[in-house]
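Chains, contacts and geometry: an overview
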Amino acid sequence: MTFTKGNLGFFLAFLIIGGILGSAIGTLIVKIFPSLSVITKSLTGPIGFSLEIIRFSLRLNLMSIIGIIIGVFIFRKV
């Protein structure tokens, strides 16, 4: 799939889903092999914003970044 203006939503969806799946798989790996806990350690502090009604924060770890990269590769192949 080429990166055009109409595909921006798909691209962002691949990034978000890749990050979520990468983080979930990393958590599963750490539950099976506790010695690999470094892959789920937060690389950044909480990044986000807080309104009075809603709060959003994001923490990146190694597995979520790997998931985002895999999401970009899959987007480019589709």
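Description of the structure in this document. (Residues numbered from 1 in each chain as written. Predicted model: local features only at pLDDT ≥ 70, side-chain atom pairs only at ≥ 80, totals over all residues. Heavy atoms only, no water.)

1. Section: the overall build of the protein chain
What the protein chain contains, in helices and strands, is two helices and two strands. Reading the protein chain from its N end, one meets helices and strands in the order α-β-β-α. With respect to the principal axes defined by its C-alpha atoms, the protein chain has extents near 40 × 40 × 15 Å. In the protein chain, which comprises 78 residues, the share counted as buried stands at 18%. Relative to all contacts within the protein chain whose residues are 6 or more apart in sequence, the contacts with residues 24 or more apart total 44%. In the structure as shown, the protein chain presents an accessible area of about 6,100 Å², 74% of it carried by carbon and sulfur atoms. (Helix = DSSP H or I, 4+ residues; strand = E, 2+ residues; numbered from the N terminus. Buried < 20%, exposed > 50% of the residue type's maximum accessible area, 1.4 Å probe, protein only. Contact = heavy atoms within 4.5 Å. Areas by Shrake-Rupley, 256 points an atom, 1.4 Å probe, with all protein chains shown as cover.)

2. Considerations on a nonpolar patch on the surface
A contiguous nonpolar surface patch, about 800 Å² in accessible area, is contributed by Leu-43, Leu-62, Ile-65, Ile-66, Ile-69, Ile-70, Phe-73, Ile-74 and Val-78. Structurally, the position occupied by Ile-74 is in helix 2 (residues 62-77). Owing to a relative accessible area of 42%, Ile-74 belongs among the partly exposed residues under this scheme. (Patch = residues over 30% accessible without salt bridge, like charges linked within 9 Å, V, L, I, M, F, W, Y side chains within 5 Å. Salt bridge = Lys/Arg side-chain N within 4 Å of Asp/Glu carboxyl O.)

3. Digging into helix 1 (residues 8-32)
An ideal rise of 1.5 Å per residue puts 36 Å on 25 residues; helix 1 measures up with 36 Å between its terminal C-alpha atoms. Those residues of helix 1 that sit buried are Phe-11, Gly-18, Gly-19, Gly-22, Gly-26 and Val-30. As for helix 1, its buried residues are in contact with helix 2. (Expected span 1.5 Å × (residues − 1).)

4. Some thoughts on helix 2
In an α-helix there are 3.6 residues to a turn, and that puts residues three or four apart on one side. For helix 2, built from 16 residues, the straight-helix expectation of 22 Å at 1.5 Å per residue is met to within 8% by its first-to-last C-alpha distance of 23 Å. Along helix 2, the residues that are buried comprise Met-63, Ser-64, Gly-67, Gly-71 and Phe-75. The arc that holds the buried residues of helix 2, viewed along the axis, is 120 degrees, so those residues lie on one side. Structural note: helix 2 exposes Phe-73, Arg-76 and Lys-77 on the side pointing more than 90 degrees away from its buried face. (Arc of directions from axis to C-beta.)

5. Examining the packing of helix 1 against helix 2
Two numbers describe how helix 1 lies on helix 2: the axes approach to 7 Å, and their chain directions differ by 140 degrees. In terms of their interaxial angle, helix 1 and helix 2 are classed as oblique. Crossing of helix 1 over helix 2 shows right-handed handedness. On helix 2, the residues touching Phe-10, Phe-11, Phe-14, Leu-15, Gly-18, Gly-19, Gly-22, Ser-23, Ile-25, Gly-26 and Ile-29 of helix 1 are Met-63, Ser-64, Gly-67, Ile-68, Gly-71, Val-72, Ile-74 and Phe-75. A breakdown of the residues in the contact of helix 1 with helix 2 according to their chemical character gives 11 nonpolar, eight polar and no charged. (Axes fitted to C-alpha atoms, helices over the stretch in contact; angles between N-to-C directions. Parallel < 35°, antiparallel > 145°, perpendicular 65-115°, else oblique. Left-handed = near helix turned anticlockwise from the far one by under 90°. Nonpolar A, V, L, I, M, F, W, Y, C, P; charged D, E, K, R; others polar.)

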